[in-house]
Amino acid sequence: MKMIKLICAVVCMVLVGCDSNPDTEEVLVEDDVTVKAEDVSSEETDDCHDGDDTSKNTVVAEYGQLSVDGKYMVNQDGEKVQLRGMSLFWSQWMGQFYTKEAVKWLKDDWNVSIVRASMGVEDSDGYLSNPDKEKAKVFEVIDAAIEEGIYVLVDWHSHHAEDHLDEAKRFFAEVAEKYGSHPNIIYETYNEPLGVSWTQVLKPYHEAVVAEIRKYDPDNIVVCGTRNWSQAVDEVVGNELNDPNVMYTLHYYASSHKEDLRNAAQVAIDNNIPLFVTEYGVTEYTGNGYIDVESVEQWWKFLDDNSISWCNWSIADKEESSAALTPGASGQGGWSESQLTQSGRMVRAEILAKNPKF
């Protein structure tokens, strides 16, 4: 056996299984060069070690405990961060994608830094009808996100949450008690309120649910839905919750919502309101219709310019243009390019281009 093979084997064993450089080995073997262990350059071994460290890193290992600093989400070192990822569809209607395999594929193949578990509440077959069944789906996604080292947004996916305050408090208290020690968790207490008052209805609702979460989890971020399908973020100005780690929800669909909504968002930003786009589509507000590519790009630039995190709607194989997958795509991941819709291809490319790779 050539000495270089032995050296590579020893180095790689020390560095926990790092691969040797086959090109270097081939040249040395062909030249019949014998080297001693001390002649192997530190640069070569450092490169090997760096590769091993990178393979073990995750976004949560890198960013750690997230918090809010003014209008920004920041990492454990106080540096502003922007998460980009995917929202799952209503849990009761696309539950086949609430699997550890799908989460792993989104992390490995799409390089998402966050997934959103959208637990349907009052709609047909949702949490109010089948609490244990729907909770189990969400818990599987949370467990998978923790295992894969990405963040997870736990979404109370409702349009009438103020009518089910007690149920929301119980659910989020359970999630916080079970998972609140993990920095992966972000709570979303109300998906999309309708035309109810922020000051009289929504703010008191959020305060009550956040109080339950804080009994068990004093640290992780809570995102609070805003009036009118989570679009009236400017109404929060001067009426924020008294909690240092609360953000506010902005939703949009790029083919329907344009400069007017960005202007409202800018008002909030200019007043130090931290925003999180927990759901958006590249389509019309219906989740269907045409894709306005120019508007999509304008929105992405706006979010990047303001370091606003986002989740795209949605991982689903429904026959509508906001679905990322074509009908029949597996709930276990492994989706080929041909199984992605136009929306899926666009959003995956944006995530791969912008998210750091850990």
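Check the entry above for the structure.
Residues numbered from 1 in each chain as written. Predicted model: local features only at pLDDT ≥ 70, side-chain atom pairs only at ≥ 80, totals over all residues. Heavy atoms only, no water.

**So, the packing of aromatic side chains**
Line of reasoning, step 1. For the structure on display, the rule yields 19 aromatic pairs.
Line of reasoning, step 2. With centroids separated by 6.3 Å and ring planes inclined at 85°, the aromatic side chains of Trp-110 and Trp-335 adopt a geometry described as edge-to-face. Of the two residues, Trp-110 is situated in the loop between α5 (100-109) and β4 (114-120) and Trp-335 in the loop between β10 (310-315) and α12 (342-354); the sequence distance between them amounts to 225 residues.
Line of reasoning, step 3. A relative accessible area of 1% means that Trp-110 is categorised as buried. (Phe/Tyr/Trp six-rings, centres within 6.5 Å; stacked < 30°, edge-to-face > 60°. Helix = DSSP H or I, 4+ residues; strand = E, 2+ residues; numbered from the N terminus. Buried < 20%, exposed > 50% of the residue type's maximum accessible area, 1.4 Å probe, protein only.)

**A closer look at the packing of helix α6 (residues 131-148) against helix α7 (residues 165-179)**
Line of reasoning, step 1. Running from N to C, α6 and α7 point in directions that differ by 30°, and their axes come no closer than 12 Å. It follows that α6 is roughly parallel to α7 by the angle criterion. The two elements α6 and α7 cross, and the hand of that crossing is right-handed. On the side of α6, the interface is formed by Lys-135, Phe-139, Ile-142, Asp-143 and Ile-146, while α7 contributes Phe-171, Glu-174, Val-175, Lys-178 and Tyr-179.
Line of reasoning, step 2. A per-class count over the contact of α6 with α7 returns six nonpolar, no polar and four charged. (Axes fitted to C-alpha atoms, helices over the stretch in contact; angles between N-to-C directions. Parallel < 35°, antiparallel > 145°, perpendicular 65-115°, else oblique. Left-handed = near helix turned anticlockwise from the far one by under 90°. Contact = heavy atoms within 4.5 Å. Nonpolar A, V, L, I, M, F, W, Y, C, P; charged D, E, K, R; others polar.)

**Regarding unusual backbone geometry**
Line of reasoning, step 1. Residue Ser-314 follows Trp-313 across a cis peptide bond; omega there is 0°.
Line of reasoning, step 2. Secondary-structure assignment places Ser-314 in strand β10.
Line of reasoning, step 3. Its identity is not glycine, yet Asp-125 carries a phi of approximately 65°, on the positive side.
Line of reasoning, step 4. Within the fold, Asp-125 resides in the loop between β4 and α6.
Line of reasoning, step 5. According to the relative accessible area criterion, Asp-125 is partly exposed, its value standing at 44%.
Line of reasoning, step 6. The phi dihedral of Asn-228 is positive, around 60°, even though this residue is not glycine.
Line of reasoning, step 7. Here Asn-228 is to be found in helix α9 (residues 227-230).
Line of reasoning, step 8. Note on Asn-228: relative accessible area 32%, which makes it partly exposed.

**Some details on the nonpolar core**
Line of reasoning, step 1. Core analysis: the biggest nonpolar cluster contains 99 residues, and Trp-110, Trp-156, Leu-275 and Ile-315 have the highest contact counts within it.
Line of reasoning, step 2. Non-local contacts of Ile-315, meaning those with residues more than four positions away in its chain, are made with Met-86, Ser-87, Leu-88, Phe-89, Phe-97, Leu-106, Trp-110, Ala-324, Leu-325 and Trp-335. (Core = buried A, V, L, I, M, F, W, Y, C linked by side-chain atoms within 4.5 Å.)

**Focus: the side chain of Ser-295**
Line of reasoning, step 1. Relative to the helices and strands, Ser-295 resides in helix α11 (residues 293-305).
Line of reasoning, step 2. For Ser-295, the contacting residues outside a window of four places in its chain are Ala-254, His-257 and Lys-258.

**A word on the sheet that holds strand β8 (residues 246-253)**
Line of reasoning, step 1. An order of β3-β4-β5-β6-β7-β8-β9-β10 is seen for the eight strands of this closed barrel, with the pairing classed as parallel. Across the sheet, the axes of successive neighbouring strands diverge by a mean angle of 25°, strand direction being ignored.
Line of reasoning, step 2. With respect to the sheet, α7 is in contact with β4, β5 (151-157) and β6 (185-188), its orientation differing from that of β5 by roughly 165°. (Pairing = 2+ DSSP bridges.)

**Considerations on the pairing of β4**
Line of reasoning, step 1. A large share of β4 lies buried, amounting to seven of its seven residues.
Line of reasoning, step 2. Here β4 shows a buried face lined by Ile-114, Arg-116, Ser-118 and Gly-120 and a second buried face lined by Val-115, Ala-117 and Met-119.
Line of reasoning, step 3. By the bridge criterion, three bridges tie strand β3 (residues 84-88) to β4 in an arrangement that is parallel. Across the sheet, residue Gly-85 finds its bridge partner in β4, namely Ile-114.
Line of reasoning, step 4. Crossover handedness for the path β3 to α5 to β4: right-handed.
Line of reasoning, step 5. Of the strand pairs in this sheet, β4 and β5 are connected by seven bridges, and their pairing is parallel. For Ala-117, the partnering residue across the bridge sits in β5 and is Val-154.
Line of reasoning, step 6. Considered for its hand, the β-α-β crossover made up of β4, α6 and β5 is right-handed. (Right-handed = clockwise from strand over helix to strand, strands pointing away.)

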